[in-house]
There are 2 protein chains.
Amino acid sequence: MPDKNIPDIVIGRLPIYLRALQRMLAENRHVTSSQELGERLGISAAQIRKDLSQFGEFGKQGTGYSIDYLAEQIRQILNVDQVWDIAVVGAGDIGSAVARYQGFANRGMQVTMIFDNAPSKIGSKVGSFTVKDIANLESDIKRGGVKVAMIATPSEKAQEVADKLLSAGVKAILNYAPINLTVTDDVRVQYIDPVIHLQRMTYYL
Amino acid sequence: MPDKNIPDIVIGRLPIYLRALQRMLAENRHVTSSQELGERLGISAAQIRKDLSQFGEFGKQGTGYSIDYLAEQIRQILNVDQVWDIAVVGAGDIGSAVARYQGFANRGMQVTMIFDNAPSKIGSKVGSFTVKDIANLESDIKRGGVKVAMIATPSEKAQEVADKLLSAGVKAILNYAPINLTVTDDVRVQYIDPVIHLQRMTYYL
């Protein structure tokens, strides 16, 4: 069970640590330090040690971290030592790109279904998936026991889709539509909107 | 010029406020309050007032904010009262989806060029763009005076591309490749990696 005393911003850094550790493993590395991790990530070594210490003791003073062990521990903390099925809603450019994305492998996620409402898209292929009819969204998601979804519909449809996902039992939504969603307290939402990231940078230019 | 005393996390919320305000304008609304904005965004009214007060006085106690005026002020603060040209590097699924993305309009951004290194892609069409040869990346970006770029290449190529973008004068990079980039201090980088967002949510499931 998640520890409610740990700030979400700390949780938000764990996937970044895990990604760096998995990259080191791919480079055939076995031991690292908070200093090295910090340099790779532009985060202070002290911050990394403090974040990790909230979950236990993962390294020994002076000998650093076993990359394999630390990665496995973070996977367990984030619940990605299992593979989560993901439903994608919207088979446009973004939804199709996400459904075909190779970057989920070995990171605890796999897309298992994609939905659209356009007759021209329903039944067509996106990568290895056949686009499903959004009319069957709730029943298909319930039957599949899917808890994680991505919304890649136009903004105008996103809240309606979110409501259906919630009633089908989805508990985590990654929303690509550029609009804030209203959900119940037991559901998490994260947002991806490239313009938000870009505008945050143009402030400094 | 950016005020260095304003935390980046505050800057990061301004685009979210702006997006909500623009949505209200599209709904033909003219006046709002920190309470209403807060409810739409799941951010406390006090936080919104505090954030905005760092930049000046945008509303009157009791009468709320003029949506038009506040949106215009935030656009000026974020430097998106102008339109920034964007170069996209990588014409795969993600790069192509981003290049065709309709969501940049009226938000201070426009894609103006897309590059790839694959002979099969160079010269082909992505939306209204003809894919350019990455061999000409630096000269094309310099000539265009482009300061903002998105990297949508495989991880292995992302740092090399970033180095070239920097030498061409790019100052802001939105990186879709799931790897941290090393850049000089005068360059901003933001990251979009759906797995990072998903793993942050599965912690709570």
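Further up the page is the structure itself.
Residues numbered from 1 in each chain as written. Chains lettered and ligands numbered in written order. Predicted model: local features only at pLDDT ≥ 70, side-chain atom pairs only at ≥ 80, totals over all residues. Heavy atoms only, no water.

Asks: Hey, could you go over the overall build of chain A for me, with residue numbers and the actual values?
Replies: Within chain A one finds eight helices and eleven strands. Its C-alpha atoms give chain A principal-axis dimensions of about 60 × 40 × 35 Å. Expressed as a percentage of the 205 residues in chain A, the buried residues total 53%. Here the analysis covers contacts within chain A between residues at least 6 apart in sequence; of these, 54% occur between residues at least 24 apart. In the form shown here, chain A has an accessible surface area of approximately 9,400 Å², with 49% of it arising from carbon and sulfur atoms. Side chains of chain A carry 23 positive and 22 negative charges; the gap between the two charge centres is 2 Å. (Helix = DSSP H or I, 4+ residues; strand = E, 2+ residues; numbered from the N terminus. Buried < 20%, exposed > 50% of the residue type's maximum accessible area, 1.4 Å probe, protein only. Contact = heavy atoms within 4.5 Å. Areas by Shrake-Rupley, 256 points an atom, 1.4 Å probe, with all protein chains shown as cover. Lys, Arg positive; Asp, Glu negative; His and termini not counted. Charge placed at Lys NZ, Arg CZ, Asp CG, Glu CD.)

Asks: Explain the sheet that holds strand 1 (residues 31-32) of chain A to me, using residue names and the numbers behind them.
Replies: Residue and element names in this part refer to chain A. Taken in spatial order, the three strands make up an open sheet running 1-3-2, and their pairing is antiparallel. Two strands bound the open sheet, and with one partner strand each, they are strand 1 and strand 2 (59-60). Alignment of strand 1 against strand 3 (residues 64-66), held across two bridges, turns out to be antiparallel. The residue of strand 3 that forms the bridge with Thr32 is Tyr65. Sheet contacts for helix 4 (residues 67-77): strand 1 and strand 3; angle to strand 3, the most-contacted strand, approximately 70°. (Pairing = 2+ DSSP bridges. Axes fitted to C-alpha atoms, helices over the stretch in contact; angles between N-to-C directions.)

Asks: A description of unusual backbone geometry should follow, citing residues and the corresponding values.
Replies: Positioned with a positive phi, Asn106(A) is a non-glycine residue whose angle comes to about 65°. Within the fold, Asn106(A) resides in the loop between helix 5 (93-100) and strand 5 (109-116). In this model, Asn28(B) sits at a positive phi of 65°, which is unusual for a non-glycine residue. Here Asn28(B) shows up in the loop between helix 1 (8-26) and strand 1 (31-32).

Asks: Describe the packing of helix 6 (residues 137-144) of chain A against helix 7 (residues 155-167) of chain A, and please don't skip the residues or the numbers.
Replies: Each pair of packed helices can be described by the angle between their axes along with the distance between the axes. Residue and element names in this part refer to chain A. Taken N-terminus to C-terminus, the directions of helix 6 and helix 7 make an angle of 35°; their axes are 9 Å apart at the nearest point. Note on packing geometry: the crossing formed by helix 6 with helix 7 is right-handed. Contact with helix 6, carried on its side by Leu137, Glu138, Ile141 and Lys142, involves Val161, Lys164, Leu165 and Ser167 of helix 7 and no other residues of that element. Its residues assigned to classes, the contact of helix 6 with helix 7 shows four nonpolar, one polar and three charged. (Left-handed = near helix turned anticlockwise from the far one by under 90°. Nonpolar A, V, L, I, M, F, W, Y, C, P; charged D, E, K, R; others polar.)

Asks: Give a description of helix 2 (residues 34-41) of chain B that names residues and reports values.
Replies: Residue and element names in this part refer to chain B. Among the residues of helix 2, those classed as buried are Ser34, Leu37, Gly38 and Leu41. Taken end-on, helix 2 shows its buried residues confined to a sector of 100°, consistent with a single buried face. Elements that come into contact with the buried residues of helix 2 comprise helix 1, strand 1, helix 3 (45-53) and strand 3 (64-66). (Arc of directions from axis to C-beta.)

Asks: Go over the environment of Leu165(A) with me, naming the residues and quoting the values.
Replies: Residue and element names in this part refer to chain A. Take Leu165: it is sitting in helix 7. Sequence-wise, Leu165 and Val126 are 39 residues apart; in three dimensions their C-alpha atoms are separated by 21 Å. If we ignore the near neighbours within four places in the chain, the residues touching Leu165 are Val89, Leu137, Ile141, Ala149, Ile151, Val170 and Ile173.

Asks: Any details on the pattern of salt bridges? Residues and values, ideally.
Replies: The tally for this structure, following the rule as stated, stands at 28 salt bridges over all chains. In this structure, Asp51(A) and Arg13(A) form a salt bridge, with 2.6 Å as the shortest nitrogen-oxygen distance. Residue Asp51(A) is found in helix 3 (residues 45-53), and its partner Arg13(A) is found in helix 1 (residues 8-26); the two are separated by 38 residues along the sequence. Overall, the relative accessible area of 1% leaves Asp51(A) in the buried class. A salt bridge links Arg100(A) to Asp93(B), with the nearest nitrogen and oxygen atoms 2.9 Å apart. Separated into two different chains, Arg100(A) in helix 5 and Asp93(B) in helix 5 (residues 93-100) make up a pair that spans both. Here Arg100(A) falls in the partly exposed class, since its relative accessible area comes to 34%. For Asp93(B), a relative accessible area of 34% corresponds to the partly exposed category. Overlapping salt bridges, with partners in common, bring together Asp8(A), Arg188(A) and Arg200(B) in one network. (Salt bridge = Lys/Arg side-chain N within 4 Å of Asp/Glu carboxyl O.)

Asks: Which residues make up the relation of the copies chain A and chain B, and what values go with them?
Replies: Of the transformation placing chain A onto chain B, the axial shift is 0.0 Å and the rotation is 180°, giving an RMSD of 0.0 Å. Expressed as a symmetry operation, the mapping of one chain copy onto the other fits a two-fold axis. Counting the interface residues of chain A, we find that 100% of their copies in chain B are interface residues as well, pointing to one common contact surface. (Least-squares fit on C-alpha atoms with pLDDT ≥ 70 in both.)

Asks: Describe helix 6 (residues 137-144) of chain B, naming the residues involved and giving the relevant values.
Replies: All names here are of chain B. Every buried residue belonging to helix 6 is among Leu137, Asp140 and Ile141, and all of these are buried. Along the axis of helix 6, the buried residues cluster in a sector spanning 95°; they form a single face. Facing away from the buried side of helix 6 by more than 90 degrees, the exposed set consists of Lys142 and Arg143. Once helix 6 ends, the next one or two residues include Gly145, with phi positive near 65°.

Asks: Mind laying out the interface of chain A and chain B, listing which residues take part and the relevant values?
Replies: Across the contact, 60 residues belong to chain A and 60 residues belong to chain B. Summed over both sides, the interface of chain A with chain B buries roughly 6,200 Å², with 64% coming from carbon and sulfur. Linking chain A with chain B are eight salt bridges. Counting every contact that joins chain A to chain B gives 26 residue pairs in polar contact (both at pLDDT 80 or more). Residue classes in the side of chain A that touches chain B are distributed as 38 nonpolar, nine polar and 13 charged. (Buried area = accessible area lost by both parts, 1.4 Å probe. Polar contact = N/O pair within 3.5 Å; in protein donor to acceptor, adjacent residues only side chain to side chain.)

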